[in-house]
Amino acid sequence: MTISISIEPPRQADVEALLAAGTVFAHSLYPEENSFLLSTDQLERPGVAVYVARNEDGAACGMAALVPLGSDLAAELKRLFVYDEVRGRGIAGRLLDRIEADAAGRGIRSLALETGPLQHAAMALYRGRGYEQIDLFGQYIGEEFSVCFAKSL
């Protein structure tokens, strides 16, 4: 499967469909009030970069966002999601590779993220790519359905 990854605006029908599918998936695992998913409006904020993976036909099949944290040296990975039918083909890893390379190129030294304890495949992916579990940070402090990871770039 040929995949291209580029930074794109989130307000596109196929990207918003990915966001909607990611939201349905998250809410199938965790209560909505314990969800920290960014909306299209939030993904349009200055400094946020939305990465979209597209197949050889140009269809969006995965995405993730790089969101600046309080410091120019740190950012957060948000909304990493790949459609079920293309999972296991390395798309999430390719998104991570691109985001990490771009972040490092911008001088970002660490990348943090939050996932949930029921997302075993996601946690295995992050651990396998050098992310280490860290204490809950920011808005996730005290959240029973949050697990946080970070990686130095």
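Shown above is the structure to which this text applies.
These lines cover the structure that appears in this document, whether it is placed above or below. (Residues numbered from 1 in each chain as written. Predicted model: local features only at pLDDT ≥ 70, side-chain atom pairs only at ≥ 80, totals over all residues. Heavy atoms only, no water.)

1. What about helix H4 (residues 120-128)?
So, step 1. When H4 is considered as a whole, its buried residues turn out to be Ala 122, Met 123 and Tyr 126. Down the axis of H4, the smallest arc covering the buried residues is 95 degrees, so these residues share one side. Exposed side chains of H4 directed beyond 90 degrees from the buried face belong to His 120, Ala 121, Ala 124 and Gly 128.
So, step 2. Close packing links the buried residues of H4 with strand E4 (74-82), helix H3 (91-105), strand E5 (110-115) and strand E7 (147-152). (Buried < 20%, exposed > 50% of the residue type's maximum accessible area, 1.4 Å probe, protein only. Helix = DSSP H or I, 4+ residues; strand = E, 2+ residues; numbered from the N terminus. Arc of directions from axis to C-beta. Contact = heavy atoms within 4.5 Å.)

2. Observations concerning the environment of Leu 29
So, step 1. As for its placement among the helices and strands, Leu 29 is situated in helix H1 (residues 13-29).
So, step 2. In this structure Leu 29 comes out as partly exposed when scored by relative accessible area, which is 27%.
So, step 3. When the C-alpha atoms of Leu 29 and Gly 93 are compared, they prove to be 22 Å apart, with 64 residues separating the residues in sequence.

3. Topic: the nonpolar core
So, step 1. Counting residues in each nonpolar core, the largest one holds 41 residues, and the members touching the most others are Leu 43, Leu 66, Leu 77, Ile 91 and Tyr 126.
So, step 2. Breaking this core down by element, the ones donating at least two residues are H1, strand E2 (49-54), strand E3 (60-68), E4, H3, E5, H4 and E7.
So, step 3. In terms of residue count, E3 provides more of this core than any other element does, seven residues in total.
So, step 4. Sequence-distant contacts of Tyr 126, that is, excluding residues within four places in its chain, are made with Leu 77, Leu 80, Leu 96, Leu 113, Thr 115, Tyr 131 and Phe 149. (Core = buried A, V, L, I, M, F, W, Y, C linked by side-chain atoms within 4.5 Å.)

4. Digging into H1
So, step 1. The end-to-end C-alpha distance of H1, which contains 17 residues, comes to 25 Å, matching closely the 24 Å that a straight helix rising 1.5 Å per residue would cover.
So, step 2. Regarding H1, the residues found buried are Val 15, Leu 18, Leu 19, Gly 22 and Ala 26. Projection of H1 onto a plane perpendicular to its axis shows the buried side chains occupying an angular sector of 95 degrees, all on one side. Of the residues in H1, the exposed ones pointing more than 90 degrees away from the buried face are Ala 13, Val 24 and Ser 28.
So, step 3. Turning to H1, the residues buried within the fold contact helix H2 (40-43), E2, E3 and E4. (Expected span 1.5 Å × (residues − 1).)

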